[in-house]
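So you can see what is in the structure, the chains are spelled out below.
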Amino acid sequence: MTEPARFLVFMRELALDLLAVVWPTQCAGCGRADRDLCGPCAREVRTCTVGRSEVGGRWLTLSCGEYSGVVRDLLVRFKHGGEFGLHRALGDRLAGGLAEALAVSAAAAQHSGSGAPTAPLIVPVPSRRARVRSRGYAHMTVLAQRALRRVKRANWADNDLAREASRALIYRGLVTTRGRTGQVGLRSQDRIRNARRVRVPARCERILRGRQVILIDDIVTTGATISAAAEALIGVGAQVTCVLAMCRAERTDSVEN
Ligand SMILES: [Zn+2]
């Protein structure tokens, strides 16, 4: 870290500590009286081992850990409680997975021999419009933006990855369609039917055609949501190179949305 950057971090930490004194709050992770996220919890959230699996038998899926503990608490509060500030720690966690996803994307481009220097697109799985309106932000887009900024800053020494990250674009190329509800509590067939209520808007088709796409979502369980989203993208000619999920969860009928 450069000297000015270290100074900025120091000043930011100082401001957060002062804010916590003036305006006492609790850590979102452990509940201690502290900042909105205490140092140890923030470190825990930011550190992750990226796991690989094949969801739905088709999609190489990278996930930044299980849907449990502090990460689960934070994601719930960020997604359902409107606590926008938590996007920093969560986005930083996602950055580890995004770096790997970009490497997968770059390797796929070389392998296909297309050689075309088109930027990889990072496409978030969309939330329902009503949810985005009530929350005030598209939560996966916010996390993807933070993660991409983080990858660009952290990997400046790795030329290939730096190049891939600097070219990558976050692109909202999917929307939900009428009748889409939350996935919680739905039976298997209903989950699949509900998950299919996603499409590529006509205005995005030309951009997506022939492009490499990293599909990004918060929680992956059965894979119904990502399968439907990936098929919609493939339907307009995009190449889905991998899926990146914030968390991987066993199906409990209380998570995926
Ligand atoms: Zn804490």
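A quick note: this is a predicted structure, and the numbers were derived from the prediction, not measured.

Draft legend 1. Seen up close, the overall build of the protein. What the protein contains, in helices and strands, is 10 helices and 10 strands. The C-alpha radius of gyration computed for the protein amounts to 19 Å, which stays within 12% of the reference 18 Å derived for 257 residues, consistent with globular compactness. Expressed as lengths along the three principal axes of its C-alpha atoms, the size of the protein is roughly 55 × 45 × 30 Å. Out of the 257 residues belonging to the protein, those deemed buried represent 47%. Pairs at least 24 residues apart make up 75% of the contacts formed inside the protein by residues separated by at least 6 positions. Here the protein displays about 13,200 Å² of accessible surface, and carbon together with sulfur accounts for 53% of that area.

Draft legend 2. Looking closely at a nonpolar patch on the surface. Among the surface-exposed residues, F7, F10, M11 and L14 lie close enough to one another that they form a single nonpolar patch of about 400 Å² accessible area. Residue placement: M11 occurs in helix α1 (residues 3-22). Residue classification places M11 among the partly exposed positions, given a relative accessible area of 37%.

Draft legend 3. Quick look at the coordination of the zinc ion. At 2.3 Å from the zinc ion lie its protein donor atoms, namely C27 (SG), C30 (SG), C38 (SG) and C41 (SG). Binding-site remark: the zinc ion is held by donors from one chain whose sequence spacing is C-x2-C-x7-C-x2-C. Remark: C41 occurs in helix α2 (residues 39-46) and C27 occurs in the loop between β1 (25-26) and β2 (33-34); sequence separation between them is 14 residues. No difference in accessibility class separates C27 from C41, as the two residues are buried.

Draft legend 4. The nonpolar core, seen in detail. If you look at the biggest cluster of nonpolar residues, it comprises 46 residues, and the most contacted ones within it are L74, L90, L94 and L102. Mapped by element, the contributors of at least two residues to this core are α2, α3 (69-80), α4 (87-112), α6 (139-154), α7 (159-167), β9 (212-220) and β10 (239-248). Per element, the largest residue contribution to this core is nine residues, and it comes from α4.

Draft legend 5. How the structure looks around the domain arrangement of the protein. By domain assignment, the protein separates into domain 1 (1-36) and domain 2 (45-253). Summarising the inter-unit geometry, the C-alpha centres of domain 1 and domain 2 are found 29 Å apart. Facing four residues of domain 1, the contacting portion of domain 2 comprises six residues. Counting the surface lost from both domain 1 and domain 2, the interface buries some 410 Å², and carbon and sulfur atoms represent 52% of this. At the surface where domain 1 touches domain 2, the tally comes to zero salt bridges. Here the side of domain 1 that touches domain 2 is built from residues that sort into one nonpolar, one polar and two charged.

Draft legend 6. Spotlight on the sheet that holds β10. Taken together, six strands build an open sheet; the order of strands is β3-β4-β10-β9-β5-β6 and the sheet is mixed. Two strands lie at the open edges of the sheet, namely β3 (51-55) and β6 (169-170), each paired on one side alone. Contacting β3, β4 (59-63), β5 (121-124), β9 and β10, α4 runs over the sheet at an angle of about 160° to β10.

Draft legend 7. Structural context of the packing of α2 against α3. One can describe the packing of α2 onto α3 by two numbers: an axis separation of 9 Å at closest approach and a directional angle of 95°. It follows that α2 is roughly perpendicular to α3 by the angle criterion. Of the residues in α3, those in contact with C41, E44 and V45 of α2 are V70, V71 and L74. Of the residues belonging to the contact of α2 with α3, the class tally is five nonpolar, no polar and one charged.

Draft legend 8. A look at the packing of aromatic side chains. Counted according to the given criterion, the structure contains two aromatic pairs. When the centroid spacing of 5.0 Å and the interplanar angle of 65° are considered together, the rings of F84 and Y137 count as edge-to-face. Residue F84 is located in the loop between α3 and α4, and its partner Y137 is located in the loop between α5 (129-135) and α6; the two are separated by 53 residues in the primary sequence.

Draft legend 9. Quick look at the packing of α2 against α4. The contact between α2 and α4 brings their axes to 8 Å, and the two run at 35°. For the pair α2 and α4, contact is made by E44, V45 and R46 and by R88, A89, L90, D92 and R93, respectively. When the residues that make up the contact of α2 with α4 are grouped by side-chain class, the tally is three nonpolar, no polar and five charged.

Draft legend 10. Looking closely at the state of the cysteines. Using the criterion set out here, one finds zero disulfides in the structure. Free of any disulfide, C48 has its nearest neighbouring cysteine sulfur in C64, separated by 4.2 Å. C48 sits in the partly exposed class, given a relative accessible area of 22%.

Conventions adopted
Residues numbered from 1 in each chain as written. Predicted model: local features only at pLDDT ≥ 70, side-chain atom pairs only at ≥ 80, totals over all residues. Heavy atoms only, no water. Helix = DSSP H or I, 4+ residues; strand = E, 2+ residues; numbered from the N terminus. Rg over C-alpha atoms; globule rule 2.2 N^0.38 Å. Buried < 20%, exposed > 50% of the residue type's maximum accessible area, 1.4 Å probe, protein only. Contact = heavy atoms within 4.5 Å. Areas by Shrake-Rupley, 256 points an atom, 1.4 Å probe, with all protein chains shown as cover. Patch = residues over 30% accessible without salt bridge, like charges linked within 9 Å, V, L, I, M, F, W, Y side chains within 5 Å. Salt bridge = Lys/Arg side-chain N within 4 Å of Asp/Glu carboxyl O. Donors = N, O, S within 2.8 Å, 3.2 Å for Na, K, Ca; no water. Core = buried A, V, L, I, M, F, W, Y, C linked by side-chain atoms within 4.5 Å. Domains from an automatic or database assignment. Buried area = accessible area lost by both parts, 1.4 Å probe. Nonpolar A, V, L, I, M, F, W, Y, C, P; charged D, E, K, R; others polar. Pairing = 2+ DSSP bridges. Axes fitted to C-alpha atoms, helices over the stretch in contact; angles between N-to-C directions. Parallel < 35°, antiparallel > 145°, perpendicular 65-115°, else oblique. Phe/Tyr/Trp six-rings, centres within 6.5 Å; stacked < 30°, edge-to-face > 60°. Disulfide = S-S within 2.5 Å.

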